[in-house]
Amino acid sequence: MSGLAAASTLAAFADVLDDAQRSATPVEQLSARGELGLANAYAVQHAILARRQGRGERIAGVKLGFTSLAKARQMGVDDVIIGTITDAMRVDDGGRFDRRACIHPRIEPEVAYLLGADLDDTDLDDPHLDDTNLSDERALAAVIAGVAPALEIIDSRYLDFRFSLDDVVADNTSAAAFVIGPWVDPALAADLGNRGVGLEVNGHLVETGSTAAVLGHPHRAIAAARRLASAHGFALRAGMILLAGAATAAVPLPRRGFVEASIAGLGRVAVHVDGGNDQEDERDV
Ligand code: OOG
Ligand code: MG
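Owing to the predicted nature of the structure, the values given are computational and were not obtained by experimental measurement. (Residues numbered from 1 in each chain as written. Chains lettered and ligands numbered in written order. Predicted model: local features only at pLDDT ≥ 70, side-chain atom pairs only at ≥ 80, totals over all residues. Heavy atoms only, no water.)

**Q** Is there a simple way to think about the packing of helix α1 (residues 7–23) against helix α2 (residues 38–54) in this case?
**A** Running from N to C, α1 and α2 cross one another at 55°; their axes reach a closest spacing of 8 Å. In this view, α1 runs oblique relative to α2, as classed from their interaxial angle. Crossing hand, α1 versus α2: right-handed. Only Asn40, Ala43, Val44, Ala47, Ile48, Arg51 and Arg52 of α2 make contact with α1, whose side of the interface consists of Leu10, Phe13, Ala14, Asp15, Leu17, Asp18, Asp19, Gln21 and Arg22. Here the contact of α1 with α2 is built from residues that sort into 8 nonpolar, 2 polar and 6 charged. (Axes fitted to C-alpha atoms, helices over the stretch in contact; angles between N-to-C directions. Helix = DSSP H or I, 4+ residues; strand = E, 2+ residues; numbered from the N terminus. Parallel < 35°, antiparallel > 145°, perpendicular 65-115°, else oblique. Left-handed = near helix turned anticlockwise from the far one by under 90°. Contact = heavy atoms within 4.5 Å. Nonpolar A, V, L, I, M, F, W, Y, C, P; charged D, E, K, R; others polar.)

**Q** Just checking my understanding: could you explain the side chain of Glu152 for this structure?
**A** Looking at the element boundaries, Glu152 is found in strand β6 (residues 144–154). At 2.8 Å, the side chain of Glu152 and the side chain of Lys63 are in polar contact. Setting aside anything within four residues of it in sequence, one finds Glu152 in contact with Lys63, Arg106, Ile107, Glu108, Glu110, Ala175, Ala177, Phe178 and Leu243. (Polar contact = N/O pair within 3.5 Å; in protein donor to acceptor, adjacent residues only side chain to side chain.)

**Q** Even after reading the chapter, I still don't get the pattern of salt bridges, so can you show me in this structure?
**A** Oppositely charged side chains can form a pair if their charged atoms are brought close together. A complete count under the given rule lists 16 salt bridges for this structure. Between Arg51 and Asp18 there is a salt bridge, and its shortest N-O distance comes to 2.6 Å. With Arg51 in helix α2 and Asp18 in helix α1, this pair connects stretches of sequence that are 33 residues apart. What makes Arg51 partly exposed here is its relative accessible area of 27%. Put simply, Arg157 and Asp171 hold a salt bridge, and the shortest N to O gap is 2.7 Å. Taken together, the positions of Arg157 in the loop between β6 and α5 (165–170) and Asp171 in the loop between α5 and β7 (175–180) put the pair 14 residues apart, joining distant regions of the chain. When sorted by exposure, Arg157 lands in the same class as Asp171, which is buried. What emerges from the salt-bridge pattern is a single network uniting Asp15, Asp18, Asp19, Arg51 and Arg55. (Salt bridge = Lys/Arg side-chain N within 4 Å of Asp/Glu carboxyl O. Buried < 20%, exposed > 50% of the residue type's maximum accessible area, 1.4 Å probe, protein only.)

**Q** Can you walk me through the environment of Arg96 in this structure?
**A** Counting through the fold element by element, Arg96 comes out in strand β4 (residues 96–98). Sequence separation between Arg96 and Val273 is 177 residues; the distance between their C-alpha atoms is 5.8 Å. For Arg96, the residues in contact, after removing those within four places along its chain, are Val91, His272 and Asp274. Within the local environment of Arg96, its side chain forms a polar contact with the side chain of Asp274, the two groups lying 2.5 Å apart.

**Q** Mind showing me how you'd approach α1 here?
**A** Helical geometry note: an α-helix holds 3.6 residues per turn, so side chains three or four residues apart project in the same direction. If you check α1, its first and last C-alpha atoms are 24 Å apart, about what 17 residues at 1.5 Å a residue would give, namely 24 Å. For α1, the set of buried residues is Leu10, Phe13, Ala14, Leu17, Asp18 and Ala20. Angular distribution of buried residues about the axis of α1 spans 155°; they occupy a single face of the element. In this structure, α1 carries Ser8 and Arg22 as exposed residues pointing more than 90 degrees from its buried face. Where the residues of α1 are buried, they touch α2 and α5. Downstream of α1 by one or two residues, Ala24 has phi in the positive range, about 50°. (Expected span 1.5 Å × (residues − 1). Arc of directions from axis to C-beta.)

Next comes the structure, spelled out in structure tokens:
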């Protein structure tokens, strides 16, 4: 598909993915029908979000994908992407998540930011917010109202959890659910540049890593989000949450039990999982 696809085609693709999510039934990759292209993929994602908003969901923020090599390698893609999270996807810290809502869910540890300013109104050339300059604490403090450990549950709507970059963008970057730990004032948080990250499933340490895996420093997610938002038609408003992207590879969500992430200098966040079926096969694991 070259150029922008017809609105009816994009709406049909949005329907396919939205229905797949709602019925927890995997579908064939859109790329099997021909090349979609990134602009069309983001248009499909926006159409899915319009459907969700039509059902009463509210935008809670955005998430980045593939900001760490661990994730890019795991999924075989090499570009940072942006997706949308809504209030309906939020699970309380220590709350319960029913995995029957998902097809083949995985979980991953992240750093979350609470935006303190409308980022898209800021000057794109602002040197304090570029990808490399993290030295101006005051400039960052103005846009970061809080920082927290987070868990993201992802669930590709595609068969076998396989996708091209365009596929996964169209599928709202596999967003399914997220859990935010206690917000910490960024002035009180430790320097998050290289902090240990642990992911525990039912008491077993299954992934370890560092916050440095996320773009070299997770604070860079702010600038990356602003750039992607401006390129692909997202608004970044004060009060929104930004998930910076997983610091480690994702692991299969257990059928039941307890998943906890810890980030040194920041804290812990956890979720109880239930709804798993013992007869279920271990597909995609
Ligand atoms: C896509 C979402 C990637 C992350 O943190 O890198 C992502 C996927 O892996 O299915 O959320
Ligand atoms: Mg993620």
